[in-house]
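Residues per chain are reported as follows:
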Amino acid sequence: MSEPDPIETRVWDTEAVLADTPAGEHGPALGSDPFAELPGPDPLAARLELLDRAWRNAQPRRATPKAPLTALKREPQPAPVARPRPALKRRTPVLPTLGEIELPEPQGFVDHFLGEDARRVLAAFSHLVEAEGPYDRFGFSPDVIRRAFPFFHALYRGWFRVQSEGHANVPETGPAVLVSNHAGLLPFDGAMTVIDVALHSDPPRLARAIVDRWAGTIPWVNVFYARCGQVIGTRENFTELLDDGQLVLVYPEGIEGVRKTIAQRYRLQPFRVGFIEQALRSKAPIVPMAVVGSDDQAPVLYNVKTLARWLGLPVAPITPTFPWLGPLGLLPYPVRYRIVYGEPLHFHERFGPEGAEDTRLVRYLANQVRRAVQRLIDRKR
Amino acid sequence: MMRRVLVTHADEPIGRRTVKTLYHDARVAAIFAVGDGPPPRSFDRFLAEGAPRVTYARVDLARHRPVTDLFHSSAFRAAEIDTVVHVPRHGAAASEQAPLMAGIAERTAETRQLLQHCLESPAVENLVAIGSAFVYKLAPGNVNRLDEESELDLDPDVPPEIRSWIDCDMLLHGEVHNDRLRVVLLRAPTVVAAGGYVYLHPTLSGRSGRRARPAGFDPICALISDKDVARAIQCAVHARGPGIYNIAGSEALPLSLLARWTGRATWPLPGPLLSLASTGARLAGQSFDAALDGPHLRYGFTLDTRRAERDLGFHPQDRIGMARAGDGALRLETASA
């Protein structure tokens, strides 16, 4: 009798963890990285190897080759390409360093409460659209972010009391993809990340968050997002940002991260893979990061899916305060945010742009990033 | 290589600008301008010279017979036209009494007629046409970055104004790989000219005045000046390869600001009310429903123009801004950077 397939066994273990099996004989504890405590080689790598072997075995074989061996060699096939694109000319916006910026005079009442560094950061952001007029080609407006910044800066300091580390892992210049976990009904984790990156980078960098298309349909919100530098998640937008050498913030969990109930908090949902393809094509490093605290800011007790479907909303949550307190119940609790940036992953150096065409590789790399983010979450909880 | 060019709708602002630009191009030997109306007064000095390089003819391009007559006329043959520049009509029909829908239908008919005759005429080797960038399908969002490979909006509910541009686009797209006729399609966003003239924007083009738009949406509009459109046409006339190219200037403005700058203030109305009005207008057979509601009023776009920069050598040169006119009023102005 042959030995049981180790890969199948581990898949069963992983699913047991995802099904909220208590810590014990079947696997690691609830909420921890389901991959970390499993013995043996990486199950995904093994699975890939198995698929590869199965594919090779499935290829038709010639029993009696009638032609010389050289004639049987297959003609080299051109690598599949997604779509032809013209040669790209990188247009990296170069911002001045904080030391090079002359401290601007406070322009309003709230500016007096901003620190000098924050005012310098805002002054630096105005250079992002220097050559293009009042708006950049994604609708970003330095004027709007100058008005919104004091409010979110106050939340950063006073409400969420953000602590962060690992800023050295965020590249100072050039394209990069920040990959984070996503939670909380309102996207304050994104706002705090943007503020944190801006305050701790020199020259200041504006993290351009990729937002769900649904956000683009919400009146006023869609305009505010765009003016603050957030970008709707389309292939063209993502490519253009990276080709510009910008810092892109993505939430590969998507809306599933927001739908998480309290039982699933700090457990990453399956990652989408588009960001891996874009990072490989644009030769951008991926920086895994974690925001700890956002899962506690508005814990979802239950998601009324039927109601959400009727209303056309991604989620219809019941929280300890919503809907009991009306819209006020959606406001985040004053939890402390801990943001940590992990070591950059330079997948493009190993696999190159052509790696983006290999769907299995892309899926595998997305899971690697997911594991890295989960590890950061577990470390900071 | 010297070109001999036919320009359609030369009596409209973009056509006039194109004729003027080509007139000052030493590599253009002759210009055959056609339009619906009498020759514009700005052509007087082009036509009055001893051996004029410009010829003007009144032709109704939407009808088969006049176009056939044009392509078989002795004047056309004498001009030895090898390049046709098609600047589709603005929106209004040839007849002032005709409704807007007639003008929209005529645009498609004109393009079809012209393409057919260019394919049949052995002398014509190049066809350069202006298309609209509003043909692209817009994902929800204040700004979509679009390249030439982006999906077209083939939704049957698309407003008829945009539908006609899609029809023109697809007619030309079908001949891009033609071996004999080199077809170049330039997809342009909102075209503006000094003083507030707007072309191609489904809502803002046409006369000044107030427009409705959905409240809570202020999409970014990519812009290009009329002079830059003429420059792009000039580049396409002299380029070698066929293809589809996005062209745009360096500026992009929110719809509300663009409307204000061009003397077309907008009323933000609740979306459901706007949809209701649009549906009512459509049921009543009114043609202005296209201007009332549509994806272009909610979602904006900017264009990736790198292909045009690389293949055509087109770089926008104009900046678009506000300037105080002689009467003290603020008006949209374009100026070379």
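Along each chain, residues carry numbers from 1 onward, in the same order as the chain's sequence is written. Naming scheme: in the order in which they are written, chains are lettered from A and ligands are numbered from 1. Local features in this predicted model are restricted to residues whose pLDDT is 70 or higher, and side-chain atom pairs enter the listing and the counts only when it is 80 or higher, whereas totals over whole chains, interfaces and linings include all residues. Water and hydrogen atoms play no part in the side-chain values, which are based on all heavy atoms of the structure.

### Re the overall build of chain A
Line of reasoning, step 1. Going along the chain from the N terminus, every DSSP run of H or I of four or more residues is numbered as a helix, and every run of E of two or more is numbered as a strand. Looking only at helices and strands, chain A has 13 helices and nine strands in total.
Line of reasoning, step 2. When each of the 381 residues of chain A is scored for burial, the buried share is 50%.
Line of reasoning, step 3. Only heavy atoms enter the contact rule, under which two residues are in contact if any of them lie within 4.5 Å. In chain A, once contacts between residues fewer than 6 apart in sequence are set aside, the share between residues at least 24 apart is 75%.
Line of reasoning, step 4. Areas reported here follow the Shrake-Rupley algorithm with a probe of radius 1.4 Å; residue values treat only the protein chains shown as occluding. When the accessible surface of chain A is summed, it comes to about 19500 Å², and 58% of that surface belongs to carbon and sulfur atoms. Each residue's exposure class comes from its accessible area (1.4 Å probe, protein chains only) as a fraction of the maximum for that residue type: buried when under 20%, exposed when over 50%, partly exposed otherwise.

### Considering the overall build of chain B
Line of reasoning, step 1. The number of helices and strands found in chain B is 11 helices and 17 strands.
Line of reasoning, step 2. Relative to the globule expectation of 20 Å for 337 residues, the C-alpha radius of gyration of chain B, 19 Å, shows essentially globular dimensions.
Line of reasoning, step 3. In terms of overall dimensions, chain B has a C-alpha envelope of 60 × 45 × 40 Å along the principal axes.
Line of reasoning, step 4. Scored against the burial criterion, the 337 residues of chain B give a buried share of 60%.
Line of reasoning, step 5. Across chain B, the fraction of contacts at a sequence separation of at least 24, relative to all contacts at a separation of at least 6, is 76%.
Line of reasoning, step 6. Total accessible area on chain B stands at roughly 13300 Å², and carbon and sulfur atoms take up 53% of it.
Line of reasoning, step 7. Positive charges are assigned to Lys and Arg, negative charges to Asp and Glu, while His and the chain termini are left out of the count. For the purpose of locating charges, the reference atoms are NZ of Lys, CZ of Arg, CG of Asp and CD of Glu. For chain B, the centre of its 39 positive side-chain charges and the centre of its 39 negative side-chain charges are spaced 4 Å apart. Only C-alpha atoms enter the radius of gyration, while the globule expectation follows 2.2 Å times N to the 0.38, with N the number of residues.

### Here's the deal with the interface of chain A and chain B
Line of reasoning, step 1. If you look at the interface, chain A gives 33 residues, while chain B gives 29 residues.
Line of reasoning, step 2. Interface of chain A and chain B: buried area, both sides summed, is about 2500 Å²; carbon and sulfur atoms make up 52% of it.
Line of reasoning, step 3. Throughout this description, the term salt bridge denotes a Lys or Arg side-chain nitrogen within 4 Å of a carboxyl oxygen of Asp or Glu. Seen at the junction of chain A and chain B, the total is four salt bridges.
Line of reasoning, step 4. The definition of a polar contact used here is a pair of N or O atoms within 3.5 Å, where within protein one atom must be able to donate a hydrogen and the other to accept one, and adjacent residues in sequence count solely through side-chain atom pairs. Counting the contacts that link chain A with chain B gives nine residue pairs in polar contact (both at pLDDT 80 or more).
Line of reasoning, step 5. Secondary-structure elements contributing two or more residues to the side of chain A that touches chain B are α7 (221–227) and α8 (235–243) of chain A.
Line of reasoning, step 6. Top element by residues in the side of chain A that touches chain B is α8(A). It accounts for five residues.
Line of reasoning, step 7. Residues are grouped as follows: Ala, Val, Leu, Ile, Met, Phe, Trp, Tyr, Cys and Pro are nonpolar; Asp, Glu, Lys and Arg are charged; every other residue, Gly included, is polar. Tallied by class, the residues present in the side of chain A that touches chain B amount to 14 nonpolar, seven polar and 12 charged. Defined here as a combined quantity, buried area equals the accessible surface (1.4 Å probe) lost by two parts on assembly, summed across both.

### Description of the state of the cysteines
What is meant by a disulfide is a covalent connection between two cysteines, made through their sulfur atoms.
Line of reasoning, step 1. Count a disulfide wherever a pair of cysteine sulfur atoms falls within 2.5 Å. On inspection of all chains with the given rule, the structure shows zero disulfides over all chains.
Line of reasoning, step 2. As a non-bridged cysteine, A:Cys228 has B:Cys221 as the owner of its nearest cysteine sulfur, 19 Å distant.
Line of reasoning, step 3. Residue classification places A:Cys228 among the buried positions, given a relative accessible area of 9%.
Line of reasoning, step 4. Its sulfur unpaired, B:Cys168 is 14 Å from the next cysteine sulfur, which belongs to B:Cys118.

### Considerations on the packing of aromatic side chains
Pairs of aromatic rings are described using the distance from one ring centre to the other and the angle between the two planes.
Residue and element names in this part refer to chain B.
Line of reasoning, step 1. A pair of aromatic rings is counted whenever rings of Phe, Tyr or Trp (Trp by its six-membered ring) have centres within 6.5 Å, and the orientation is called stacked for planes under 30 degrees apart, edge-to-face for over 60 and tilted otherwise. Scanning the entire structure with this criterion turns up 13 aromatic pairs over all chains.
Line of reasoning, step 2. Their ring planes at 80° and their centres at 6.3 Å tell us that Phe-217 and Tyr-299 sit as a pair that is edge-to-face. You can see Phe-217 sitting in the loop between β10 (211–214) and β11 (220–225) and its partner Tyr-299 sitting in the loop between α10 (289–292) and β15 (301–303), a full 82 residues away along the chain.
Line of reasoning, step 3. We classify Phe-217 as buried; its relative accessible area is 5%.
Line of reasoning, step 4. Joined through ring pairs, the aromatic side chains of Tyr-23, Phe-43, Phe-46 and Tyr-56 make up one cluster.
Line of reasoning, step 5. By definition here, charges over rings are those cases where NZ of Lys or CZ of Arg is within 6 Å of the ring centre and within 35 degrees of the ring normal. Sitting over the ring of Tyr-23, Arg-53 keeps its end group 5.1 Å from the ring centre.
Line of reasoning, step 6. Looking at Arg-298, its charged tip hangs above the ring of Phe-217, at a distance of 5.7 Å from the centre.

### Description of helix α6 (residues 188–199) of chain A
All names here are of chain A.
Line of reasoning, step 1. Between its terminal C-alpha atoms α6 stretches 16 Å, which fits the 16 Å expected from 12 residues at 1.5 Å a residue.
Line of reasoning, step 2. Counting buried residues along α6, 11 of its 12 residues qualify, which places the element largely inside the surrounding structure.
Line of reasoning, step 3. Within α6, burial applies to Phe-188, Asp-189, Gly-190, Met-192, Thr-193, Val-194, Ile-195, Asp-196, Val-197, Ala-198 and Leu-199. How far a helix is expected to stretch is found by multiplying one less than its residue total by 1.5 Å.

### Some thoughts on the pattern of salt bridges
Line of reasoning, step 1. Scanning the model with the defined rule gives 32 salt bridges over all chains in all.
Line of reasoning, step 2. Where B:Arg145 meets A:Glu240, a salt bridge forms, and the shortest distance between an N and an O atom there is 2.9 Å. With B:Arg145 in strand β6 (residues 144–146) and A:Glu240 in helix α8, this pair bridges two chains. Comparing B:Arg145 with A:Glu240, the two get one shared label, buried.
Line of reasoning, step 3. Residue B:Arg231 pairs with B:Asp228 through a salt bridge whose shortest N-O separation is 2.5 Å. Of this pair, B:Arg231 and B:Asp228 both sit in helix α7 (residues 226–238), three residues apart, roughly one helical turn.

What is shown is where atoms sit, not what they do.
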